[in-house]
Amino acid sequence: MKYKVLVVDDEQTLRTGIRRVLEKKAYEVEEAATCEKARELLQFSVPDAAILDYRLPDGTALELLAEAQKLTPPVPVIILTGHGSVDLAVRAIKEGAEHFLTKPVEMPALLVILERIMERRRALHKELVLHSQQARQKLDPFRGTSAAIKRLTEDARRMLQSDSPILIEGETGVGKGLLARWLHDHGSRAEEPFVDLNCAALSQEFLESELFGHQRGAFTGAASAKAGLLEVAHRGTVFLDEIGDVDIDIQSRILKVLEEKRFRRLGEVRDREVDIRLIAATHQDLKRLVRDQRFRSDLYFRISTLPLNVPALRERVEDIPLLARDILESLSAALGRSRVELSQDAEKMLQRYSWPGNIRELRNVLERAILLSDDRELHPQNLRFDSGLEVPEEPAGDTLLEVERQHIERILRAEGGRVYPAAERLGIPVSTLYKKIKRYGLKTSRAPH
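First things first, this report covers the structure right here in the doc. Note that this is a predicted model, so its numbers are computed, not measured.

## Remarks on the overall build of the protein
What the protein contains, in helices and strands, is 18 helices and 18 strands. By the compact-globule yardstick of 22 Å for 449 residues, the protein is too spread out, its C-alpha radius of gyration being 29 Å. Projected onto its principal axes, the C-alpha positions of the protein cover 85 × 70 × 35 Å. Of all 449 residues assigned to the protein, the portion counted as buried reaches 45%. Once local pairs closer than 6 in sequence are excluded, the contacts in the protein between residues at least 24 apart make up 70%. Roughly 23,500 Å² of accessible area belongs to the protein as shown, and the carbon and sulfur atoms make up 49% of that amount. With 70 positive and 72 negative side-chain charges, the protein shows a spacing of 3 Å between the two charge centroids.

What follows is the structure, encoded as structure tokens:
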């Protein structure tokens, strides 16, 4: 990781000398001869440290020091002067300077001071990353004000005290795992283990071993016994992500755990008892998999006792600006950057995009935009979308009626033109939706349900 140092001095020779020494030590160096130029550089990129000459043509280092302290994170400052005095040094340190050196600069001393600064920066970065990871774990899966997210919130809260299995359905990237974690953390088993397993990422043999464990010699390579995730999660929650990808033979074993609270390790002859709450998730249509005989109907009916459907991002367009701001705040903290904002045009572009990858794709787009831009405000030209799909042009009419028409049309399209499910998603009576469909000339399917 390269650290960036800003050197501000009106003496070209001194700046060049410091640059050469720092670059040999793998620092990235930016130069400025005036306060004005330094401010310009600080506006676009926050350095890891700044070396400032006290007297500059258009001000003093103390003026820049005050501005550097206001940045996020604050920039450590080393002040240089050819006219050193105890009073000036004390004042500089009191106002937040990291160190005060007199000219001519002793380069070994400067390098020692910089290394100490960078050690603290590394520790700060680790702390910020940890804070970001913890914040991400605590993200609210119900962030938003849309009717769809309000309905999900109400349904999820009703399920907290039940021990019945929960099936979370929704497209890839909508936050099914985040919701599963929330259900555990706010339920009756919150003090017990939470273990999760992505069923799509493992072969049948490895999935079976991870889930149920195995005895020594159960298969080639099983040199010792291993406890499975079911044992680890005893009295807690097991989250099986992408359960639709589980082999049908393993499905029967999962059903036995749910119905009898017993299982066997691979290669074992006796049953083990286990008490778990199962949360399963999938982006697939399990009913279709049942019809195709690729998913057991008895297991489907057992795990779908309490169903939750996480809406796609395009079905909650009004929530996108709020979600984007949360993500930008988290990313800025993790990267040690000043908080990055979205311009109004950028917000509108995010709302017009279809988001096939949902919230995960939104995060990718915003992270890419931050990494490829030094600006504190993102504009449409900073946004590059993963799927390569074109963002539709902004509609000519920006009235409330036009926005309502587009939203209703989007929800109807998502529901295949069926009126009753669309009305439920919109949170309005069916009769009201029929009136709006007639007013806007929208298309529906023949089957209202």
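## With respect to a nonpolar patch on the surface
Residues Leu-335, Leu-371 and Leu-372 make up a contiguous nonpolar surface patch of about 290 Å² in total accessible area. Within the secondary structure, Leu-335 sits in helix 13 (residues 320-335).

## Quick look at unusual backbone geometry
Backbone torsion omega between Lys-103 and Pro-104 reads -5 degrees, so that peptide bond is classified as cis. Relative to the assigned elements, Pro-104 resides in the loop between strand 7 (99-102) and helix 5 (107-137). You will see that Trp-355, though not glycine, has its phi angle at about 55 degrees, which is positive. One can find Trp-355 in the loop between helix 14 (344-352) and helix 15 (358-371).

## Remarks on the packing of helix 8 (residues 204-212) against helix 10 (residues 248-260)
Relative to each other, helix 8 and helix 10 sit at 15 degrees, their axes nearing to 11 Å. The orientation of helix 8 relative to helix 10 falls into the category roughly parallel. Of the two elements, helix 8 crosses helix 10, and the hand of that crossing is left-handed. On helix 10, the residues touching Gln-204, Leu-207, Glu-208, Leu-211 and Phe-212 of helix 8 are Asp-249, Ile-250, Arg-253, Ile-254 and Val-257. Here the residues of the contact of helix 8 with helix 10 sort into 6 nonpolar, 1 polar and 3 charged.

## Focus on the nonpolar core
Ranked by internal contacts, the top residues of the largest apolar core, which has 30 residues, are Leu-230, Leu-240, Ile-254 and Ile-303. At the level of elements, strand 9 (194-198), helix 8, helix 9 (229-232), strand 12 (237-241), helix 10, strand 15 (277-282), helix 11 (286-291) and helix 12 (297-303) are the ones that each hand at least two residues to this core. When residues in this core are grouped by element, the largest group, 5 residues, is from helix 10. If sequence neighbours within four positions are ignored, Leu-240 has contacts with Leu-197, Cys-199, Leu-211, Ile-254, Leu-278, Ile-279, Ala-280 and Ala-281.

## Quick word on the packing of aromatic side chains
Going through the model one piece at a time under the given rule, you end up with 7 aromatic pairs. Taking the centre distance of 4.2 Å and the plane angle of 35 degrees together, the rings of Tyr-353 and Phe-385 count as tilted. On the criterion of sequence distance, the pair formed by Tyr-353 in the loop between helix 14 and helix 15 and Phe-385 in the loop between strand 18 (377-378) and helix 16 (400-414) is long-range, its members being 32 residues apart. Summarising the burial analysis for this pair, Tyr-353 and Phe-385 share the class buried. Members of the aromatic cluster, joined through ring pairs, are Tyr-353, Trp-355 and Phe-385. For the cation-ring pair, Arg-253 lies above Phe-212, with the distance from its terminal atom to the ring centre recorded as 3.9 Å.

## Structural notes on the packing of helix 13 against helix 14
Any two packed helices are characterised by the angle at which their axes cross and by the distance between the axes. Two numbers describe how helix 13 lies on helix 14: the axes approach to 9 Å, and their chain directions differ by 115 degrees. Classified by the angle between their axes, helix 13 and helix 14 sit roughly perpendicular to one another. In the crossing of helix 13 with helix 14, the sense of the turn from one axis to the other is right-handed. Here helix 13 contributes Ile-320, Pro-321, Ala-324 and Arg-325 to the contact with helix 14, which in turn contributes Glu-347, Leu-350 and Gln-351. Residues belonging to the contact of helix 13 with helix 14 are distributed by class as follows: 4 nonpolar, 1 polar and 2 charged.

## Some points on the sheet that holds strand 16 (residues 306-309)
Strands sit in the order 9-12-15-8-16 across an open sheet of 5 strands; the sheet is parallel. At either margin of the open sheet sits one strand with a lone partner, and together these are strand 9 and strand 16. Across the sheet, the axes of successive neighbouring strands diverge by a mean angle of 15 degrees, strand direction being ignored. Against the sheet, helix 7 (residues 176-185) contacts strand 8 (166-169), strand 9, strand 12, strand 15 and strand 16, and its axis sits at roughly 150 degrees relative to strand 8.

## Let's talk about helix 15
In this model, helix 15 (14 residues) spans 20 Å end to end at C-alpha, consistent with the 20 Å of a helix rising 1.5 Å per residue. For helix 15, the full list of buried residues reads Asn-358, Glu-361, Leu-362, Arg-363, Val-365, Leu-366, Ala-369 and Ile-370.

## Looking at the sheet that holds strand 7
Strands sit in the order 2-1-3-6-7 across an open sheet of 5 strands; the sheet is parallel. Of all the strands in the sheet, the pair left with one neighbour each is strand 2 (28-32) and strand 7. Strand-to-strand twist across the sheet, computed as the mean angle between neighbouring axes with direction ignored, equals 20 degrees. With 4 bridges connecting them, strand 3 (residues 49-53) and strand 6 (residues 77-81) associate as parallel partners. Bridge assignment links Asp-53 to a residue of strand 6, and that residue is Leu-80.

## So, the environment of Thr-305
By the secondary structure assignment, Thr-305 is in the loop between helix 12 and strand 16. Of the residues examined, Thr-305 reaches a relative accessible area of 41% and is grouped as partly exposed. Sequence separation of Thr-305 and Pro-165 is 140 residues, and the distance between their C-alpha atoms is 6.3 Å. Excluding residues that lie within four positions of it along the chain, Thr-305 makes contacts with Ser-164 and Pro-165. At 2.9 Å, the side chain of Thr-305 forms a polar contact with the backbone oxygen of Arg-302.

Reading the values: the criteria
Residues numbered from 1 in each chain as written. Predicted model: local features only at pLDDT ≥ 70, side-chain atom pairs only at ≥ 80, totals over all residues. Heavy atoms only, no water. Helix = DSSP H or I, 4+ residues; strand = E, 2+ residues; numbered from the N terminus. Rg over C-alpha atoms; globule rule 2.2 N^0.38 Å. Buried < 20%, exposed > 50% of the residue type's maximum accessible area, 1.4 Å probe, protein only. Contact = heavy atoms within 4.5 Å. Areas by Shrake-Rupley, 256 points an atom, 1.4 Å probe, with all protein chains shown as cover. Lys, Arg positive; Asp, Glu negative; His and termini not counted. Charge placed at Lys NZ, Arg CZ, Asp CG, Glu CD. Patch = residues over 30% accessible without salt bridge, like charges linked within 9 Å, V, L, I, M, F, W, Y side chains within 5 Å. Salt bridge = Lys/Arg side-chain N within 4 Å of Asp/Glu carboxyl O. Axes fitted to C-alpha atoms, helices over the stretch in contact; angles between N-to-C directions. Parallel < 35°, antiparallel > 145°, perpendicular 65-115°, else oblique. Left-handed = near helix turned anticlockwise from the far one by under 90°. Nonpolar A, V, L, I, M, F, W, Y, C, P; charged D, E, K, R; others polar. Core = buried A, V, L, I, M, F, W, Y, C linked by side-chain atoms within 4.5 Å. Phe/Tyr/Trp six-rings, centres within 6.5 Å; stacked < 30°, edge-to-face > 60°. Lys NZ or Arg CZ within 6 Å of the ring centre and 35° of its normal. Pairing = 2+ DSSP bridges. Expected span 1.5 Å × (residues − 1). Polar contact = N/O pair within 3.5 Å; in protein donor to acceptor, adjacent residues only side chain to side chain.

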